[in-house]
Amino acid sequence: MGFALRLILYVDMDYFFAACEEARHPELRGKPLITGTSPEETKFRGVVEAANYEARKFGIHSAMPTSMAYRLKPDIKYIYSDEPYYESISAKIMEMLSGYGFRMEVDSIDEAAMELDVADYPDALKLAKEIKQKIKQNFDLPCTIGVSTGKIFAKIVCDSAKPNGIRVLEEKDIQDFLKDKDIEKIPGVGRKTAEKLATLKIKKIGDLAKADPMMLIDSVGSFGRELFLIANGTDESTVEENVSVVSIGRERTLENNATKMNDIDSMLNNLTDEVISEVKKQKLMFKTIGVKARYADFTDRIKSKSFNTYSDSKDLVLSTARTLLGGLIGEKPVRKIGVRVSSLISVKGQRNLF
DNA sequence: CAATCGCTTCACT
DNA sequence: CTAACGAGTGAAGCGATTG
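Remember, predicted model here, so these are calculated numbers, not experimental data.

Okay, the overall build of chain A next. Along the backbone of chain A there are 13 helices and 13 strands. A compact globule built from 354 residues should have a C-alpha radius of gyration of about 20 Å, and chain A, at 23 Å, falls within 12% of that. Reported as C-alpha extents along the three principal axes, the dimensions of chain A are approximately 65 × 50 × 45 Å. Sorting the 354 residues of chain A into buried and exposed places 44% on the buried side. A separation threshold of at least 6 residues defines the contact pool for chain A, and within that pool the share at least 24 residues apart is 64%. With an accessible surface of roughly 18400 Å², chain A has 51% of that area assigned to carbon and sulfur atoms.

Quick look at the structure:
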């Protein structure tokens with residue numbers, strides 16, 4: 001007791017959007033359920049955002065086209081994701097967690113890391129159980145909690161304990177736990193990175209641990225160094241209280257593909273409203289405005305423009321976005337447009353670094 | 001030649 | 001039948017540009 005052992009507790013809500021729906025509509029429980037990105041009328045143009053575990057039994061998972069989910073399970077229950085509602089539940093959960101007073105990093109709508117100041121694993125396990133039970137009692141929602149000596153280790157072990165689990169990974173067990181796991185279990189390693197590393201015959205985290213760090217850096221840049229350290233049991237990640245936002249954007253698929261500015265005007269106005277209200281809510285100003293067009297053939301184009309002063313003006317976003325999009329709309333039909341602001345500064349004055 | 005710009009790529013839910 | 005299915009949010013990286 002007493003010496004400093006850094007312990008991170010990582011909370012990840014299980015199938016969060018769908019679980020929120022089960023919590024407010026208990027009659028949905030026990031049956032396959034998905035929430036998706038598009039309204040009921042056009043649901044087949046969208047993708048699955050969350051799938052409960054009954055749905056996953058049929059091979060359904062997030063990011064899968066909704067049309068495919070229906071092919072796998074024709075009588076599946078579908079709900080159009082109600083993100084403001086999930087956001088409000090999330091805020092309450094995060095508030096409850098921050099009430100513990102530990103350093104805490106909110107990673108997404110359904111994930112958070114807490115840096116504990118307990119001195120041993122039994123205390124951390126006890127705390128994890130208490131938090132899990134509170135989330136169940138207060139919100140009727142399941143979650144999984146991972147505990148380890150670093151944020152990344154805690155996240156990986158959390159993933160391994162899903163759903164509805166708790167798992168503590170002690171320092172002495174880390175290497176052994178990691179070595180047979182696929183490298184894609186490391187946050188930040190997706191398909192492309194995995195493919196690059198596969199050409200070096202690296203598929204498991206154990207392969208990473210034995211690799212030549214220089215070859216790793218050659219293959220995936222500075223990320224290679226972090227990967228090597230992780231694989232060898234060193235997690236340098238830190239829990240950051242105020243991870244500042246780099247950009248704020250909204251994008252949405254049009255009801256009908258567009259070929260003229262006229263076709264996108266109202267969507268552009270809506271997206272701009274949403275971006276501006278988020279900017280104001282977070283008390284930010286921006287210096288760069290960007291747009292994105294996705295064509296019917298699913299190729300994307302983006303354009304952006306930077307100014308030399310900060311602003312939070314809706315009119316500026318609207319007029320700039322309209323000009324930029326004007327250059328992207330032509331023969332090729334556009335199915336989706338987006339608006340984004342970046343180069344952000346906090347209104348309180350100081351620059352938004354880190 | 002360092003900082004910024006405009007854009008592409010990638011990850012993740 | 002290995003193409004086609006295909007939303008939304010955001011960070012990182014990179015070559016080009018600029019002061």
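That shown, we press on.
Most of strand β7 (residues 143-148) sits out of view: 6 of its 6 residues are buried. The alternating pattern of β7 places C143, I145 and V147 on one face and T144, G146 and S148 on the opposite face, and all of these are buried. Relative to β7, strand β1 (residues 7-13) runs antiparallel, the two being bridged by 6 bridges. For Y10, the partnering residue across the bridge sits in β7 and is G146. In terms of strand pairing, β7 meets strand β8 (residues 166-168) through 3 bridges, oriented parallel. If you follow V147 over to β8, its bridge partner there is V168. As for the winding sense of the linkage, the β-α-β connection from β7 through helix α6 (residues 151-160) to β8 is left-handed.

Domain parsing of chain A yields domain 1 (7-14 + 85-170), domain 2 (16-83), domain 3 (174-231) and domain 4 (247-346). One C-alpha centre belongs to domain 1, the other to domain 3, and the line joining them spans 26 Å. Carbon and sulfur atoms make up 83% of the area that domain 1 and domain 3 hide from each other, which totals about 910 Å². Summed over the three residues of domain 1 that lose the most area to domain 3, namely I152, F153 and I156, the buried surface amounts to 54% of that side. Between domain 1 and domain 3 we count 1 salt bridge in total. K185 is the partner of D159 in a salt bridge, and the nearest nitrogen-oxygen pair spans 3.5 Å. Linking domain 1 to domain 3 there are 2 residue pairs in polar contact (both at pLDDT 80 or more).

A separate point is the packing of aromatic side chains. Scanning the model with the defined rule gives 6 aromatic pairs in all. Both rings, one in F16 and one in F17, keep their centres 6.1 Å apart while their planes meet at 55°; by these two values the pair is tilted. Of the residues examined, F16 reaches a relative accessible area of 3% and is grouped as buried. By relative accessible area, which is 10% here, F17 ends up buried. Taken together, a centroid distance of 4.5 Å and an interplanar angle of 25° make the contact between F17 and Y86 stacked. With F17 in helix α1 (residues 16-24) and Y86 in helix α4 (residues 83-98), this residue pair connects regions lying 69 residues apart in the sequence. Judged on exposure class, the residue F17 and its partner Y86 are both buried.

Enumeration according to the criterion identifies 29 salt bridges in this entry. R225 is the partner of E236 in a salt bridge, and the nearest nitrogen-oxygen pair spans 3.2 Å. Of this pair, E236 sits in the loop between α11 (223-231) and β9 (247-258) while R225 sits in helix α11; the two residues are 11 residues apart in sequence, bridging distant segments of the chain. Residues participating in the shared-partner salt-bridge network are E22, R29, K136 and D140.

Neighbouring residues of DNA strand C: 23 residues in total, closest M68, V246, E251, T253 and R335. Sugar plus phosphate: this is where 69% of the atoms of DNA strand C within 4 Å of the protein reside. Within the backbone of S247, an N or O atom sits 3.1 Å from a phosphate oxygen of DNA strand C. G249 is positioned such that a nitrogen or oxygen atom in its backbone is 3.0 Å from a phosphate oxygen of DNA strand C. When contributions to the surface near DNA strand C are tallied by element, the ones reaching two or more residues are β9 and β12 (334-342).

A rise of 1.5 Å per residue sets the reference length of helix α13 (residues 314-326), with its 13 residues, at 18 Å; its end C-alpha atoms lie 18 Å apart and thus fit the reference within 8%. Taken as a whole, α13 has its buried residues at V317, L318, T320, A321, L324 and L325. Taken together, the buried residues of α13 touch α12 (261-281), β10 (284-295), β11 (300-311) and β12.

Conventions we followed
- Residues numbered from 1 in each chain as written.
- Chains lettered and ligands numbered in written order.
- Predicted model: local features only at pLDDT ≥ 70, side-chain atom pairs only at ≥ 80, totals over all residues.
- Heavy atoms only, no water.
- Helix = DSSP H or I, 4+ residues; strand = E, 2+ residues; numbered from the N terminus.
- Rg over C-alpha atoms; globule rule 2.2 N^0.38 Å.
- Buried < 20%, exposed > 50% of the residue type's maximum accessible area, 1.4 Å probe, protein only.
- Contact = heavy atoms within 4.5 Å.
- Areas by Shrake-Rupley, 256 points an atom, 1.4 Å probe, with all protein chains shown as cover.
- Pairing = 2+ DSSP bridges.
- Right-handed = clockwise from strand over helix to strand, strands pointing away.
- Domains from an automatic or database assignment.
- Buried area = accessible area lost by both parts, 1.4 Å probe.
- Salt bridge = Lys/Arg side-chain N within 4 Å of Asp/Glu carboxyl O.
- Polar contact = N/O pair within 3.5 Å; in protein donor to acceptor, adjacent residues only side chain to side chain.
- Phe/Tyr/Trp six-rings, centres within 6.5 Å; stacked < 30°, edge-to-face > 60°.
- Near = heavy atom within 4 Å.
- Expected span 1.5 Å × (residues − 1).

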